[in-house]
Amino acid sequence: MSERFDEIKQEILDGIGGLASSKAVYEFKKQFLDSKAGKIGLLMKEMKNIAPEERASFGKGVNDLKEWAQQRFTDLDEMIKAKELEHRYEQERIDVTEPGAEMKSGNLHPITQMRNEIIDVFSGMGFEVFENKEIENDYYNFTALNTPKDHPARDMQDTFYLSPEFLLATQTSAAQIHTMEAKKPPIKILCPGKVFRSDDDATHSPMFHQMEGLVVDKKITLCDLKGMLDVFVQKIYGEGTTTRLRPSYFPFTEPSVEVDVSCFECGGKGCKLCKGTGWIEILGAGIVNRKVLQNCGIDPDEYSGLAFGIGLERATMLKYGINNIKLLFESDIKVLEQIDNN
Ligand code: DAH
């Protein structure tokens, strides 16, 4: 009988070497250890053919063989499972040092960036922000701003009239009147908005953006204006940039000034950008005309104000060296991608 045990042992040892998966181990193991049909289990059934005096040692022999086989299969199973796990780890391995897929993110339009930057600067000086209206009536856009009908200054702006009374806002200055009608001094506001004029060339577009600033309080002077604008140009065009005020004319300010910024390209020495002068015209401003304060019920003997109007396209074109305003409106992604200040 012990040859039969040895045969089974040998059969197991021979078969085991070729098993490559835990499933194959399981199937092979069943051939021997299945309680009904397994070869080792079947040996027990032969007990009745064994001489009674040999039965004890036969029974022990079968049990030993069973234990031995079980141990073999358990060891093998553990080894194969470990290998399978290793293989799985290898396959699912993640290289954490591999650079991630590049995420393309959009950016804000240059005009919006400029608008946000300016709002940031003036908010820091305590200005509140109000949106401008795009459709105005003649009174707010002109008359209340000391530009009555027949005033020659109306010709400075080619207006789109919607009706004899209503028009597309030609300037954010109308926001000055709305604000002063609604609020008592002290006033410190910034009004961004779209404005419209019948004008179209390399530096003008029928629709463009302005940012109006208005401060009304006791004893406001041109010094306050210059101080605020100096902070503004330094933040937008860089440290060391300064302003100079030149006499000008706007009906709603007296005195009126044209504000130049020292050329941030050449530092004032003279270059192509500043046409050799060292200065670049950047915005219009002035001390609010007494008549405008009166039109809004504010006593000009008690209060004075300063106002300024910044053209956002112009400010942006200067900052990024853009020479044609159309580039800002064509939404060419190649252009827009180059202008990202965020
Ligand atoms: N509204 C003027 C324009 O569109 C710009 C301007 C000039 C605004 C002087 C002002 C100012 O507030 O004081 O040309």
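Cut-off values and rules
Residues numbered from 1 in each chain as written. Predicted model: local features only at pLDDT ≥ 70, side-chain atom pairs only at ≥ 80, totals over all residues. Heavy atoms only, no water. Core = buried A, V, L, I, M, F, W, Y, C linked by side-chain atoms within 4.5 Å. Buried < 20%, exposed > 50% of the residue type's maximum accessible area, 1.4 Å probe, protein only. Helix = DSSP H or I, 4+ residues; strand = E, 2+ residues; numbered from the N terminus. Contact = heavy atoms within 4.5 Å. Lys, Arg positive; Asp, Glu negative; His and termini not counted. Salt bridge = Lys/Arg side-chain N within 4 Å of Asp/Glu carboxyl O. Polar contact = N/O pair within 3.5 Å; in protein donor to acceptor, adjacent residues only side chain to side chain. Phe/Tyr/Trp six-rings, centres within 6.5 Å; stacked < 30°, edge-to-face > 60°. Lys NZ or Arg CZ within 6 Å of the ring centre and 35° of its normal. Pairing = 2+ DSSP bridges. Axes fitted to C-alpha atoms, helices over the stretch in contact; angles between N-to-C directions.

Trainee: Outline the nonpolar core, supporting the account with residue identities and numerical values.
Mentor: By size, the foremost hydrophobic cluster in this structure holds 43 residues, and its most contacted members are I118, F122, F232, Y237, L283, F308 and I310. Those elements that place two or more of their residues in this core are α5 (110-123), β5 (207-217), α8 (222-237), β7 (253-262), β8 (279-288), β9 (304-311) and α10 (312-320). Per element, the largest residue contribution to this core is seven residues, and it comes from α8. Beyond its immediate sequence surroundings of up to four residues, F232 is in contact with I118, V121, F122, L283 and I310.

Trainee: Can you explain the side chain of E258? Please cite residues and give values.
Mentor: Mapped onto the elements of the fold, E258 is located in strand β7. Here E258 sits buried without a salt bridge, and the closest side chain of opposite charge, R246, lies 5.4 Å off (N-O distance). For E258, the side chain forms a polar contact with the side chain of S248, separated by 3.1 Å. Not counting chain neighbours up to four residues away, the residues in contact with E258 comprise R244, L245, R246, S248, F250, E281, L283 and G284.

Trainee: Summarise α10; cite the residues concerned and give the values.
Mentor: Turning to α10, its buried residues are L312, E313, A315, T316, M317 and L318. For α10, the elements touching its buried residues are α5, β5, α8, β8 and β9. Two residues or fewer past α10, G321 is found with a positive phi of approximately 65°.

Trainee: I'd like a description of the packing of aromatic side chains, backed by residues and values.
Mentor: Counted by the stated rule, this structure contains eleven aromatic pairs. What links up through ring pairs into an aromatic cluster is the set F122, F127, F232 and F308. A cation sits over an aromatic face here: K9 above W68, 5.2 Å from the ring centre.

Trainee: Go over the sheet that holds β8, please, and point to the residues and values.
Mentor: Spatial ordering of the open sheet is given by β1-β4-β5-β9-β8-β7-β6, a layout of seven strands whose pairing is mixed. Pairing within the sheet leaves two strands with one partner each, and these edge strands are β1 (128-129) and β6 (243-250). The strands that α5 touches are β1, β4 (187-196), β5 and β9; relative to β4, the one it contacts most, it runs at about 170°. Across the sheet, α8 lies against β4, β5, β6, β7, β8 and β9, angled at about 30° from β9, the strand it touches most.

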